[in-house]
Amino acid sequence: MKFQIIFIFLFTILFTACSVKPLEPVKYETIDKNISFTSDIKPILDNRCVSCHSCYNSPCQLKLSSYEGLQRGSSKEDVYANRITAGNPTRLFVDAINEKQWREKGFFSMVDSLENSNESIMMQYLFQKDKNPLNIGSYSPETDELTCVKNKDELAEFFEDNPHKGMPYGFPALKKHEYNLLMTWLKQGAVDDTKKDVSTSFEDTQIKKFEDFFNNKSIKHKVSARYIYEHLFLAHISFDDNSGNFYELIRSKTPSGQKAQIIATRFPYDKIDGDFYYRFRKIDSTIVHKTHMVYKLNDAKLQRYNELFINPTWDQEAFLPSYDIKTSVNALKTFEQIPANSRYQFLLDDVHYIIMTFIRGPVCKGQIALNVIQDHFWVMFMDPKSDLTLKDKYFLHDNIPNLSIPNEYGEDPSLFKTFKALDNYELSKKYHTNKALVYKQYYPQGLSLNNLWKGNKSQENDSILTIYRHFDSASVHKGALGYIPKTLWVIDYPLLERIYYSLVAGFDVFGNTPHQLLVRTHMDRLRIEGESNFLEFLPKESRINYFNSWYEGWLAQYLSVYIPSNNKVNINYSTKNYKEEFIKKAFEYTNTKIDPINFIEDNYKPSKIKTVYNTKEEIEDTLKTLTLPNSSEIIKNFTDNKSNLAYIRIQMNSGENLIYTLVINRWHKNVALLFNEESRLDATKDRINFIKGFVGSYPNIFVSVKQDDLNDFFSLIQNYKENDENRKKIFKYAINRANPNFWEVFDWFSNEFKKQDPINYGLFDLNRYISRAVNE
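Residues numbered from 1 in each chain as written. Predicted model: local features only at pLDDT ≥ 70, side-chain atom pairs only at ≥ 80, totals over all residues. Heavy atoms only, no water.

Colleague: What's the story with the overall build of the protein chain in this structure? I'm lost.
Modeller: For the protein chain, the count of helices and strands is 28 helices and 15 strands. Relative to the compact-globule value of 28 Å for 776 residues, the protein chain shows a C-alpha radius of gyration of 28 Å, a close match. Across its three principal axes, the protein chain shows a C-alpha extent of roughly 80 × 70 × 70 Å. Of the contacts formed within the protein chain by residues at least 6 apart in sequence, a portion of 78% connects residues at least 24 apart. Across the protein chain, the mean location of the 98 positive side-chain charges is 3 Å away from that of the 98 negative side-chain charges. (Helix = DSSP H or I, 4+ residues; strand = E, 2+ residues; numbered from the N terminus. Rg over C-alpha atoms; globule rule 2.2 N^0.38 Å. Contact = heavy atoms within 4.5 Å. Lys, Arg positive; Asp, Glu negative; His and termini not counted. Charge placed at Lys NZ, Arg CZ, Asp CG, Glu CD.)

Right, dumping it as structure tokens:
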């Protein structure tokens, strides 16, 4: 009997394996011409593929933003997997430099012919979509279980189970001409004709100036260059706004005048044995917005570097600091010899860029800071002249032992070290106590508005920055956008530096799970420090109540260690609404403009939805009303789809287009806990913001409304109830991923963004577009 069962089992397995339908030969019309990758193929990849295949969150690590990414191919390794031990980095252009090296790292080709076939995996994926163009069900590339096929058998099995999952994944198929071009090029051998390192003569001149500065052999220059590099290693550097070229600052084996050869290190502060040179390397990949953090270098900036770092007298003779990770991860210790005021001024000069690096992060998906922050908050800064961590000559030096960063354990910390670090609150408590004492000594009457930074004169609206969280991505914006948020941060120099080194310079996406847990929990303390700094501007008797209102629940309050000071505040308050009154005073002091749509003034009266809209002012008046709390179910419907970001195009009869981003800010009881976030949300307290232009990198839905339909559209938002009639009506305006005109709409929004902001423009990412496909 046992033999019969075994026989049946084996026969069933064999029969099932043999029953998979073999791959059908691909069909396409050959294009009779010499096809150029640069002119013919790259535009197709950019406009139809790069929106999902461009970073670590690219399905199967397939990056199509450059020929080198296509040549590298795919991998079955999940960059974001939980790991006991750190993984090997697989950064394109860094960790391997040719196809052979990538194959040795386990990547497999998408363009080479499959065994016993003249067709590649990529050709089969395109053909599968061409013959099964309908999108059926839901598509979420970041969360779907993708097999990352590497041979004919795996591909055949995948298509057997998923006939409607060809490429583009979950969006309309390519146009026939695009399809035939791509297929012909692949069949011809996928030849590259990209011209590399094309720069302008002006850029070459500027690069020479800065490479000379960074590679100057004086000790002062070497220390300063290291400090600047560690803050710019993620930057997309622009020397010329009109060229469209961007560069990255790297550490190279070769000096100026030779081809730059990057030295691969996990962290920007890792030691390099032997000589190396700071070099600028042109970015040849297609620019995508989620990683596009622009930093401008020009003659004025070079002069500023000299003013901040080279010309001042340092308190101690310059020396080359250690690369030992125990200290190199903490810039407060490593670069103590550089005047602290110079370091803080350097960060404030481009503070939007600095904040953006740890808000967008170096990892593309699920940045470790994101479930540690509110959906909407404002950030302000201590004025350098008032920041006692700079003003008091000994304070920062004496407290460096209390300002450790757990990233000192590297990318692969043990569980023992992790739990030891998690449990150590004493150093943090000691630092806060010491800081409160020194502030009381220098400011016996307490802090005043004069202690806030008023921003850079050359840059408008950077004294206050707005952060929006979009589930597992985030964005940062100049000015105070939205209504008064639940919390605010005030950031001083040591906090700004520690956040940067913990979340950016010292964070490794390939690190093990304990490493990521350490960074996540450390960020809890840094968030509380920023909030605590803000509370020092409110009357001392109100501080604990405000803090507890941000951390509802006994467990959140137990885990969120707040050390309130007993210091006074030197601000006259005339009401008990201290936070609101402080914000109004701070706006006036910093000359910050209120958000005309989303900030609700005390005497504001809601407007009724009009039958006809004739002007932009009338439209924005209604948008303002829609930001008020109401009983509409549109918010819950949207956030239930893991969405909070919609790009809205209003087509005026005059031909003008108005662009707004709808942002939903979810209300959290607290953000102190790692797990079960859903239990700490309350959709009845969520708020809508409407922001002019584009917010974020990951649109969840595109919306297109004609001027004559605004009454119906606004009524739908204000009165939406979850039923079949409204679900059908909403797709009159919202562009579902299965809409046959989807790509035309995507192209329009992308081109409009480029027109509005060509320097900061980059392709939007579609990995988080609302997943359900609706075929009407």
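Colleague: What exactly am I supposed to notice about the sheet that holds strand β9 (residues 488-491) here?
Modeller: Paired through backbone hydrogen bonds, the strands of a sheet run either parallel or antiparallel to each other. Here four strands make up an open sheet; going across it, the order is β8-β7-β6-β9 and the pairing mixed. If you trace the sheet from one side to the other, it starts and ends with β8 (473-478) and β9, each paired once. Each strand axis lies, on average, 25 degrees off the axis of its neighbour in the sheet, ignoring direction. In this structure, strand β7 (residues 465-470) lies alongside β8, joined through six bridges in antiparallel fashion. Residue pairing across strands places Arg-469 opposite Ala-474, the latter belonging to β8. The sheet contacts of helix α14 (residues 351-360) involve β6 (376-381), β7, β8 and β9, and relative to β8 the element is tilted by about 170 degrees. (Pairing = 2+ DSSP bridges. Axes fitted to C-alpha atoms, helices over the stretch in contact; angles between N-to-C directions.)

Colleague: Help me out: how do you make sense of the packing of α14 against helix α19 (residues 493-505) in this one?
Modeller: The description of two helices packed together rests on the angle between their axes and the distance between the axes. Their axes nearest at 9 Å, the elements α14 and α19 cross at an angle of 40 degrees. Put simply, α14 runs oblique to α19. The two elements α14 and α19 meet at a crossing, and its hand is left-handed. Between α14, through Ile-354, Ile-355, Thr-357 and Phe-358, and α19, the contact on the second element is made entirely by Leu-496, Ile-499, Tyr-500, Leu-503 and Val-504. By residue class, the composition of the contact of α14 with α19 is eight nonpolar, one polar and no charged. (Parallel < 35°, antiparallel > 145°, perpendicular 65-115°, else oblique. Left-handed = near helix turned anticlockwise from the far one by under 90°. Nonpolar A, V, L, I, M, F, W, Y, C, P; charged D, E, K, R; others polar.)

Colleague: Before we go on, may I ask you to explain the nonpolar core in this structure?
Modeller: Taken as a class, soluble globular proteins show a tendency for nonpolar side chains to be buried jointly. Phe-214, Phe-280, Tyr-305, Ile-355, Phe-381 and Phe-582 are the most contacted members of the largest nonpolar core, which has 124 residues in total. Ranked by residues supplied to this core, first place goes to α19 with nine residues. Tyr-305 has contacts with Phe-210, Phe-213, Phe-214, Ile-228, Leu-232, Tyr-295, Leu-297, Ile-310 and Phe-346, leaving out every residue within four places of it along the chain. If you look at the next biggest cluster of nonpolar residues, it comprises 92 residues, including Val-26, Val-50, Ala-646 and Phe-746. (Core = buried A, V, L, I, M, F, W, Y, C linked by side-chain atoms within 4.5 Å. Buried < 20%, exposed > 50% of the residue type's maximum accessible area, 1.4 Å probe, protein only.)

Colleague: What is the right way to look at the side chain of Thr-389 in this model?
Modeller: Tracing the backbone through its elements, the reader meets Thr-389 in helix α15 (residues 388-391). Residue Thr-389 is classed as buried on the basis of its relative accessible area, which comes to 2%. At 2.5 Å, the side chain of Thr-389 forms a polar contact with the side chain of Asp-387. Contacts of Thr-389, omitting those with residues within four sequence positions, involve Phe-395, Leu-396, Tyr-431, Asp-492, Tyr-493 and Pro-494. (Polar contact = N/O pair within 3.5 Å; in protein donor to acceptor, adjacent residues only side chain to side chain.)

Colleague: Help me understand unusual backbone geometry, please; the structure alone is not making it clear to me.
Modeller: In the segment running from Met-167 into Pro-168, the intervening peptide bond is cis, with an omega of 5 degrees. Along the chain, Pro-168 turns up in the loop between α6 (152-161) and α7 (176-187). Here Ala-190, not a glycine, exhibits a phi torsion of approximately 50 degrees, which is positive. Inspection of the secondary structure assignment puts Ala-190 in the loop between α7 and α8 (201-214). According to the relative accessible area criterion, Ala-190 is buried, its value standing at 4%. Within the chain, Asn-591 stands out as a residue other than glycine whose phi angle is a positive 60 degrees. Structurally, Asn-591 can be placed in the loop between α23 (578-590) and α24 (616-626). In this structure Asn-591 comes out as exposed when scored by relative accessible area, which is 65%.

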